[in-house]
Amino acid sequence: MSIENSKNSKIHSDSIENTLTAAGGELHQVAGGEHPSLTTNQGLAISDNQNSLKANAKGPVLLEDFILREKITHFDHERIPERIVHARGTGVHGYFELTASLQKYTTAKILTEVGTKTPLFTRISTVAGGSGSVDTPRDVRGFAIKFYTQEGNWDLVGNNIPVFFIQDAIKFPDLIHAVKMEPDRGFPQSATAHDTFWDFISLTPESMHMVMWIMSDRTIPRSLRMIEGFGVHSFRLINENGDSTFVKFHWRPKLGLQSTVWDEAVKIAGADQDFLRREMFEAIEAGDFPEWEFAVQLFTQAEADQFPFDHLDPTKLIPEELVPLKVIGRMVLDRWPNNFFSETEQVAFCPSHVVPGIDFTNDPLLQGRLFSYLDTQLSRLGSPNFNQIPINAPKCPFANHQRDGHMQMDQPTGRVAYEPNSLSKDSPRESPKGFHSAAVNESGDKGRVRPESFADHYSQARQFFISQTTYEQAHIASALVFELSKVDHLHIRVAMVAHLLHISKDLASRVARGLGLAEMPAAPKAAAEVQEMPPSPALQTIGKMKDTLQGRSIGILIADGSDITAVNSLKKAITKTGASIKVIGPKIGGAKLSDGAIHAVDGQLAGTPSVLFDAVAIVLSSEGAKTLSTESAAIDFIRDAFGHLKAIAIDNGGQVLLAKAGIIADKGVVNVAETEAFITAAKTRQFDREKSIRTLA
Ligand code: HDE
């Protein structure tokens, strides 16, 4: 702003003083600094931002107050329609670096120029809830990346699960209507545990593979930095000769995979609605940049013809054991957006945004998506010029003859806005290096049909289930029991158990028992025979958990009288592991430790429960522990840490709390002095403990 502001600032502060003096208040202004004048959107300096224009001091507000009207009108229009799905999201800037060239397969520079760093924006989201919903419901995570390549924007709009519920885009509105809040009552928000979702699912056998994934711990991640990402559909890569190769895209987190346990996810939702977003923010602020490997599965039509499933069916994945992953690059997220609305909210992803050398397949879900996203951006952002919003604009030159429209920001020059033309020497023209579609031969009868090769709905669901560890199988069975127990209609519960019989008889009977079903229903007729597929350990979550404390967080509970030496040596040992530490105390003002000094804390006990940490240490004097033993927040701190399978380090003083929490120590509960044992236990979860504290299906 160039407007000279000294006079205005004087008037401005006078008016604040007037207001606050009248209200009996005290003024606190930030000292120093050169503040530009506050202006209207027309650049008019505002002398009073505290009072609207009134006919007299106690009189009515005048319509004449154009400053009030401009401000309120703008405010009234601050929201744009939230995304119909994936409304709740967290966005971060970063870059992609290619480490191995795919030159043999594609002309896309982003996949052939090793070492080039391509800027990108990533948005990770939940699917079902509104934009203000909590971060930790059981839900699929959207994983969308906009690469600003030299050849145009490439949007890889994927999920953290490699398959999807449905085989045809025409079913998407039905699926989403079934999962969203029920339309007559407006709840539940952000949950699959209700009748309409399971009604639709029980009548849609093609969803069974996805059902196994969403009932697994993949949908309750510990951190957005600890999820995988998948492009889901097969795409095509096209090389210089025009030959095309099929490709599936994968993201693998450097920190490995980790999930929460269900009870923990539920309690996190209460303790910190923004848990995952905040965790990502804090990691970026601390310079602890999340990183993923980028990998591809490449295969030919001839190879695809040998697969025991159709890779164009989005309810199927290609096991890594069948087509190994080739790591070709990495993504690093290193910059938080400046403004949530301008970037995270206004970013517009479209699977149709590709670059030369990348092309689509006939996956019917992908084909539908190619239409839907552009349409949705028009409705959400309100203008075909959404590409001009900085977060959406390509970072390479772009030019065409599209003109005008709502909120046009460009001012094209010259009289030519068409092509071909003979009047302009420098207007944009077609380029031989531009986008080409794969020359695919299409033949056959037109019709609303599904291929026979899409008929097998259970084999990969079964493969997923038998690939899991016994702990994870129990979590899947228990999640099904939890969700179906929230379904009022018995016939829906019965229909779901009937489907499970095709996946695993063991799973079906565990769920039936958990639901208290009187008798086992008969399995529905399967459209294709269920094939026995070999287990694929790559489908586990626990198997992909890393033996590290990097990226994890430890909470240390202290109170007046806690031993400062024990606290310090714990902190020192934990810091070396790369974990972050938060000290929790009964009062935010700190605690007086054994050295007689007041030590700061990072969180107050009631507002910082143990669900926010991966492991906890309790360092309390006998006196401190006695005081806390009548404090339910302290007892819950320990009981929940134990119940969520976390390591607990505790000193002698704290034993009284263990007893109060009814905990019988196991190998995950160690003395504070045994720092090494604590760190080893903290790197994992005590899965063996679970059977002693919870009835799993
Ligand atoms: Fe989406 N999806 N989707 N989807 N999707 C949207 O676009 C749609 C599907 C995915 O962070 C919408 O901008 C249809 C699969 C992500 O901004 C909408 C079908 C996968 C995001 C839409 C699918 C996704 C969206 C809503 C079935 C994984 C969030 C707002 C044919 C491969 C992107 C928007 C962001 C968002 C349509 C299925 C991923 C309505 C019709 C499969 C990550 O256009």
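Residues numbered from 1 in each chain as written. Predicted model: local features only at pLDDT ≥ 70, side-chain atom pairs only at ≥ 80, totals over all residues. Heavy atoms only, no water.

Within the structure, the ligand sits among 22 residues, and R83, R123, S372, Y373 and Q377 are positioned closest to it. Between the ligand and R83 there is a distance of 2.7 Å, counted from an oxygen atom to a side-chain nitrogen or oxygen. Take Q377: an N or O atom from its side chain is 2.8 Å from an oxygen atom of the ligand. Within the residue set of the shell around the ligand, elements represented by two or more residues are β3 (141–149), β4 (152–159) and α10 (364–381). Among the elements that make up the shell around the ligand, the one with the highest residue count is α10 (six residues). Within the shell around the ligand, the residues separate by chemical class into 11 nonpolar, eight polar and three charged. (Near = heavy atom within 4 Å. Polar contact = N/O pair within 3.5 Å; in protein donor to acceptor, adjacent residues only side chain to side chain. Helix = DSSP H or I, 4+ residues; strand = E, 2+ residues; numbered from the N terminus. Nonpolar A, V, L, I, M, F, W, Y, C, P; charged D, E, K, R; others polar.)

Next up on the list: the coordination of the iron atom of the ligand. The sole protein-derived ligand of the iron atom of the ligand is Y373 (OH), positioned 1.8 Å away. Take Y373: it is sitting in helix α10. (Donors = N, O, S within 2.8 Å, 3.2 Å for Na, K, Ca; no water.)

Glancing now at helix α15 (residues 564–577). A rise of 1.5 Å per residue sets the reference length of α15, with its 14 residues, at 20 Å; its end C-alpha atoms lie 20 Å apart and thus fit the reference within 8%. For α15, every residue scored as buried is listed here: I564, A566, V567, L570, A573, I574 and T577. Elements that come into contact with the buried residues of α15 comprise β11 (553–557), β12 (580–585), β14 (598–599), β16 (615–618) and α19 (675–682). Capping the start of α15 is the job of one residue whose side-chain oxygen sits 3.0 Å from the backbone nitrogen of T565: D563. (Expected span 1.5 Å × (residues − 1). Buried < 20%, exposed > 50% of the residue type's maximum accessible area, 1.4 Å probe, protein only. Contact = heavy atoms within 4.5 Å.)

Structurally, R335 is set in strand β9 (residues 326–335). Considering only alpha carbons, one finds R335 and E285, 50 residues apart in sequence, at a separation of 8.3 Å. Here R335 is in contact with V92, H93 and I284, once residues within four sequence places are set aside.

When its domains are assigned, the protein chain resolves into domain 1 (3–76), domain 2 (89–191 + 212–388), domain 3 (458–542) and domain 4 (547–692). A C-alpha centroid distance of 46 Å is found between domain 1 and domain 2. (Domains from an automatic or database assignment.)

With that settled, consider the sheet that holds strand β15 (residues 603–604). What links the strands of a sheet is backbone hydrogen bonding, and the strands pair in either a parallel or an antiparallel sense. Across the sheet, which stays open at both edges, the six strands sit in the order β15-β12-β11-β16-β17-β18 with parallel pairing between neighbours. With one partner strand each, in any of the chains shown, β15 and β18 (669–671) form the two edges of the open sheet. Here two bridges tie β12 to β15, and the two strands are oriented parallel to one another. Residue pairing for β15: G585 is matched across the bridge by Q604. (Pairing = 2+ DSSP bridges.)

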